[in-house]
Amino acid sequence: LSTTGPYIKPKDAQIPALMTGESVKRLFTLYPLKPFPTSFKVSAIFTVEDGDTCTSSLNPLNISFDELFHIPPVDEKQVSLKDLFSKLWNEIESNQYSSDHPDREGALSVVRLQIDSSASQQLITENLAPFCVNKEGTDSCLHDVLLFL
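Here is a short report on the structure shown in this document. Computed from a prediction, not measured in an experiment: that's the story for all the values here.

### A word on the pattern of salt bridges
- Evaluated as defined, the whole model comprises 2 salt bridges.
- Between K9 and D12 there is a salt bridge, and its shortest N-O distance comes to 3.2 Å. Both residues of the pair, K9 and D12, count as exposed.
- Measuring nitrogen to oxygen at the nearest pair gives 2.6 Å for the salt bridge that ties D144 to K82. Residue D144 is found in the segment after α3 (117-128), and its partner K82 is found in helix α2 (residues 81-94); the two are separated by 62 residues along the sequence.
- On the accessibility criterion, D144 (12% relative accessible area) is buried.

Structure representation (structure tokens):
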């Protein structure tokens, strides 16, 4: 596996022997350095019965945005995702660097999209709905999104 994306290169897999028609599945743990989608080139090097070494390109392994993130592993009997979001958000805000608090090292990043609310609602619904913690909210313009990498 190889990629130009910001991932640690997985170790090569070695399969001692395969017979014709036999299949093998390998599980790779991928370590993103940054949460960006990417495509891994997949290739195989193998030796045939007469000793010749061959190479083959396999189908690429594509990692999309929604595959990078998971819903946080929270026991909602103990704490709701909304409460977890609020606690994390308050912690981020309390550690935020500012001219009033130059000793703090935290940062708050806000992204503003120049799109109307219906387009925003559609993007949230299609791409981030599983990660929204305020689904029951009444304000359709405000979305609390909690991603776990």
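### As for the side chain of T38
- In this structure, T38 sits in strand β3 (residues 38-47).
- Residue classification places T38 among the buried positions, given a relative accessible area of 12%.
- A distance of 2.6 Å separates polar atoms of two side chains, one belonging to T38 and the other to T3.
- Apart from the residues within four sequence positions on either side, T38 is in contact with T3, G5, Y7, L61, N62 and I63.

### Let's talk about the packing of aromatic side chains
- Considering all chains together, one arrives at 2 aromatic pairs under this definition.
- Ring geometry for Y7 versus F40: centroids 5.4 Å apart, planes at 75 degrees, classification edge-to-face. With Y7 in strand β1 (residues 7-8) and F40 in strand β3, this pair connects stretches of sequence that are 33 residues apart.
- By relative accessible area, which is 8% here, Y7 ends up buried.
- We classify F40 as buried; its relative accessible area is 1%.
- A ring pair is formed by F85 and W89, whose centres lie 5.9 Å apart and whose planes are at 10 degrees; its orientation type is stacked.

### Some points on the pairing of β3
- For β3 and strand β4 (residues 53-63), the ladder comprises 9 bridges, and the chain directions are antiparallel. Bridge pairing in β4 places T47 opposite T53.
- Once β3 ends, the chain turns through 5 residues before running back antiparallel as β4, passing G51 with a positive phi of about 95 degrees.

Cut-offs applied
Residues numbered from 1 in each chain as written. Predicted model: local features only at pLDDT ≥ 70, side-chain atom pairs only at ≥ 80, totals over all residues. Heavy atoms only, no water. Salt bridge = Lys/Arg side-chain N within 4 Å of Asp/Glu carboxyl O. Buried < 20%, exposed > 50% of the residue type's maximum accessible area, 1.4 Å probe, protein only. Helix = DSSP H or I, 4+ residues; strand = E, 2+ residues; numbered from the N terminus. Polar contact = N/O pair within 3.5 Å; in protein donor to acceptor, adjacent residues only side chain to side chain. Contact = heavy atoms within 4.5 Å. Phe/Tyr/Trp six-rings, centres within 6.5 Å; stacked < 30°, edge-to-face > 60°. Pairing = 2+ DSSP bridges.

Everything listed here is a matter of coordinates, which is why it stays silent on function.
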